[in-house]
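Structure assessment
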Amino acid sequence: MTETPSRLVTAVILVAAGSGQRLGYGMPKASVPLGGEPILMHALRGIVSSGTASQVCVVLPAGDDALRKLCADFQEELADGGPLLSVVDGGATRADSVRAGFEALMDGIEAVLVHDAARALTPEAVFHRVADALAAGAEAVIPAVAVVDTVKTVAPTQGPDAAVAPELVTGTAPREELRAVQTPQGFRVETLRHAHRAARDLEPEQAAAVTDDAMLVEMTGTPVHAVRGSIQSLKITTPLDLIFAEGLLEGPLGARWVEG
Ligand code: C5P
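Now for a look at the structure at hand. (Residues numbered from 1 in each chain as written. Predicted model: local features only at pLDDT ≥ 70, side-chain atom pairs only at ≥ 80, totals over all residues. Heavy atoms only, no water.)

Around the ligand sit 14 residues, and of these V15, A17, G18, S97 and K235 come closest. Here an oxygen atom of the ligand and a backbone polar atom of A117 are 3.3 Å apart. In the complex, 82% of the free accessible area of the ligand, which totals 450 Å², lies under the protein chains. One can see that the ligand is located within the largest pocket. Its residues assigned to classes, the shell around the ligand shows six nonpolar, four polar and four charged. (Near = heavy atom within 4 Å. Polar contact = N/O pair within 3.5 Å; in protein donor to acceptor, adjacent residues only side chain to side chain. Areas by Shrake-Rupley, 256 points an atom, 1.4 Å probe, with all protein chains shown as cover. 1 Å grid on protein atoms, 1.4 Å probe; cavity = no way out; pocket = protein on both sides within 12 Å on 5 of 7 lines; lining within 4 Å. Sits in = over half its atoms within 2 Å of the grid points. Nonpolar A, V, L, I, M, F, W, Y, C, P; charged D, E, K, R; others polar.)

Further remarks concern the layout of surface pockets. Size it by volume and the largest pocket reaches roughly 1,200 Å³. Looking at the lining of the largest pocket, the elements with two or more residues in it are α3 (94–103), β10 (179–181) and α6 (204–208). The element contributing the most residues to the lining of the largest pocket is α3, with five residues. Of the residues belonging to the lining of the largest pocket, the class tally is 20 nonpolar, 12 polar and 10 charged. (Points joined across faces, edges and corners; volume = space filled by probe spheres on them. Helix = DSSP H or I, 4+ residues; strand = E, 2+ residues; numbered from the N terminus.)

Here the focus is the pattern of salt bridges. Applying the stated criterion across every chain, the model contains nine salt bridges. For D96, the salt bridge identified is with R99, shortest N-O distance 3.0 Å. One end of the pair is D96 and the other is R99, both in helix α3 and three residues apart, which spans about a single turn. By relative accessible area, which is 29% here, D96 ends up partly exposed. Residues joined by salt bridges that share partners form a network here, namely E37, R45 and E77. (Salt bridge = Lys/Arg side-chain N within 4 Å of Asp/Glu carboxyl O. Buried < 20%, exposed > 50% of the residue type's maximum accessible area, 1.4 Å probe, protein only.)

Here we come to the environment of V224. Mapping V224 onto the fold places it in the loop between α7 (213–219) and β12 (225–228). The class of V224 is partly exposed, set by a relative accessible area of 26%. C-alpha separation for the pair V224 and I142, spaced 82 residues apart in sequence, amounts to 7.2 Å. In this structure V224 touches A140, I142, A214, V217 and E218, once residues within four positions along its chain are discounted. (Contact = heavy atoms within 4.5 Å.)

This part is about the nonpolar core. In terms of nonpolar packing, the biggest core is built from 38 residues, with L14, I39, L40, L44, V56, V58 and I236 touching the most fellow members. For this core, the elements supplying multiple residues, two or more each, are β1 (10–15), α1 (39–50), β4 (55–60), α2 (65–77), β6 (111–116), α4 (124–135) and α8 (239–249). In terms of residue count, the dominant contributor to this core is α1 (six residues). Apart from the residues within four sequence positions on either side, L40 is in contact with L14, A16, A30, V58, L60, L67, L70, C71 and A117. Counting 23 residues, the second-largest nonpolar core is a separate cluster that includes V98, F102, V112 and F187. (Core = buried A, V, L, I, M, F, W, Y, C linked by side-chain atoms within 4.5 Å.)

This part is about the state of the cysteines. Throughout this description, disulfide means a covalent bond between two cysteine sulfur atoms. Within this structure, the stated rule accounts for zero disulfides. The structure places no disulfide on C57, whose sulfur is separated from the nearest cysteine sulfur, that of C71, by 11 Å. (Disulfide = S-S within 2.5 Å.)

All right, on to the packing of α3 against helix α5 (residues 189–199) then. Between α3 and α5, whose axes approach to 11 Å, the crossing angle comes to 135°. The pairing of α3 with α5 is recorded here as oblique in orientation. For α3 against α5, the interelement crossing comes out left-handed. Contacts between α3 and α5 involve A95, V98, R99 and F102 on the former and, on the latter, V189, L192, R193, H196 and A199. The class makeup of the residues in the contact of α3 with α5 is six nonpolar, one polar and two charged. (Axes fitted to C-alpha atoms, helices over the stretch in contact; angles between N-to-C directions. Parallel < 35°, antiparallel > 145°, perpendicular 65-115°, else oblique. Left-handed = near helix turned anticlockwise from the far one by under 90°.)

Take a look at the structure:
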């Protein structure tokens, strides 16, 4: 019988320092109520119940006392043996916020899962698939789902055709090779540290184009593996996403529901 490799000592960096402007609530997204509780609480509970983290570094909007208090209360609520909760202020970009979380890692951490608080309903199974791939030897692993839409590249229409439509199609990506990428993204701690250090030398334009941590690791030439994500792990970004998330909280969608 083959033995399951044992899990690495893992910290989750939960980035929650975004403004949430696209959600239009006039407050940081992490504070927006979902099923009567702030989005951040759902994200925290999901991480803790997955049992994958020895430490959770929560990265909050600088000076947000209400969210800090929420984290302090949650730490008290955690039964003995729960993960250590550390709270730090975020930065101007998502990458800055991840780096801020890094500063708070306790000694002995071997792997880091970077998770968006906006993916507050990520099923536990996704955390497990990522943690298992790291235990099996991956340096970097991301959860991903197949893309259902056909995806095309476009460019602004030039010349007289600009009056016809604003954009012109320049190509069609082969859908079977495309994946929509989610979080938690898992890394050996030194792999991610190295990638974020290297990112400090990027030109501002390149830095602005970095939308996830795996991209930085790809740039260093380290292979990034992909495991199955979940459509339940939606990123709450727009008011419509919040409606979907409320629907998911209300329960399974019956016999037609297939976890994907
Ligand atoms: O805005 P974006 O879609 O990149 O946000 C993804 C996640 O990163 C969110 O959970 C958000 O709170 C977090 N974020 C952050 N610090 C920033 C920008 C975004 O922690 N400066």
